[in-house]
Amino acid sequence: MTNNLLSSSTITGDHVKNAKGEDLGKIEDLMIDTNDGAIQYAVLSFGGIMGLGEKLFAVPFGRLKVDTENKCMILDADKQRLKDAPGFDKDKWPDFSDASFKTTHDAYYK
């Protein structure tokens with residue numbers, strides 16, 4: 001029997017790469033829907049140097065695949081596409097519960 005459960009602390013801090021093996025950042029946090037307990041977004045940090053100028057992105061969690069062999073997450077996205085994605089500052093997070101956020105934001109990652 002395989003274990004398909006991961007703790008949030010196992011995922012937080014994991015590096016994210018694309019299919020080409022390019023580094024896309026790391027997972028800083030998870031956003032969980034309190035109505036059904038499902039993880040809606042992984043908050044990904046990307047860019048900057050030593051944490052300065054870093055941008056955060058809310059990636060729909062369903063877009064990530066677990067790579068257990070390399071202990072990382074895989075996001076099927078080009079590095080430039082992520083650079084151009086709508087992001088936010090670590091001190092000013094969006095309202096994830098706003099329906100318009102979900103509609104417009106999730107469409108970017110389809």
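Read on for a plain summary of the structure.

About the cut-offs
- Residues numbered from 1 in each chain as written.
- Predicted model: local features only at pLDDT ≥ 70, side-chain atom pairs only at ≥ 80, totals over all residues.
- Heavy atoms only, no water.
- Phe/Tyr/Trp six-rings, centres within 6.5 Å; stacked < 30°, edge-to-face > 60°.
- Buried < 20%, exposed > 50% of the residue type's maximum accessible area, 1.4 Å probe, protein only.
- Lys NZ or Arg CZ within 6 Å of the ring centre and 35° of its normal.
- Pairing = 2+ DSSP bridges.
- Helix = DSSP H or I, 4+ residues; strand = E, 2+ residues; numbered from the N terminus.
- Axes fitted to C-alpha atoms, helices over the stretch in contact; angles between N-to-C directions.
- Core = buried A, V, L, I, M, F, W, Y, C linked by side-chain atoms within 4.5 Å.
- Contact = heavy atoms within 4.5 Å.

**Considering the packing of aromatic side chains**
Alright, step 1. Here the structure, examined in full by the defined rule, presents eight aromatic pairs.
Alright, step 2. Here the aromatic rings of Phe-88 and Phe-96 are separated by 6.1 Å at their centres, their planes lie at 80°, and the arrangement is edge-to-face. Neither Phe-88 nor Phe-96 differs from the other in exposure class; each is buried.
Alright, step 3. With relative accessibility at 15%, the residue Phe-96 sits in the buried group.
Alright, step 4. Over the aromatic face of Tyr-108 sits the side chain of Arg-81, whose NZ or CZ is 3.8 Å from the ring centroid.

**As for the sheet that holds strand β5 (residues 64–67)**
Backbone-to-backbone hydrogen bonds join strands into a sheet, with any given pair of strands oriented parallel or antiparallel.
Alright, step 1. The mixed open sheet is built from six strands, whose spatial order is β4-β3-β2-β1-β6-β5. Two strands close off the open sheet at either side, each with one partner strand: β4 (55–60) and β5. Averaged over all pairs of adjacent strands, the angle between strand axes in this sheet comes to 40°, irrespective of strand direction.
Alright, step 2. Looking at chain direction, β5 and strand β6 (residues 72–75) are connected through four bridges and run antiparallel. Paired with Leu-64 across the two strands is Leu-75, which belongs to β6.

**Here we look at the nonpolar core**
Alright, step 1. Val-16, Ile-27, Leu-64 and Leu-82 are the most contacted members of the largest nonpolar core, which totals 19 residues.
Alright, step 2. Residue assignment for this core shows that the elements contributing at least two residues are β2 (23–32), β3 (39–46), β4 and β6.
Alright, step 3. When sequence neighbours within four positions are dropped, the list of residues in contact with Leu-82 reads Leu-24, Leu-44, Phe-46, Phe-57 and Tyr-109.
Alright, step 4. Residues Tyr-41, Val-43, Ala-58 and Phe-96 belong to the second largest nonpolar core, which totals seven residues.

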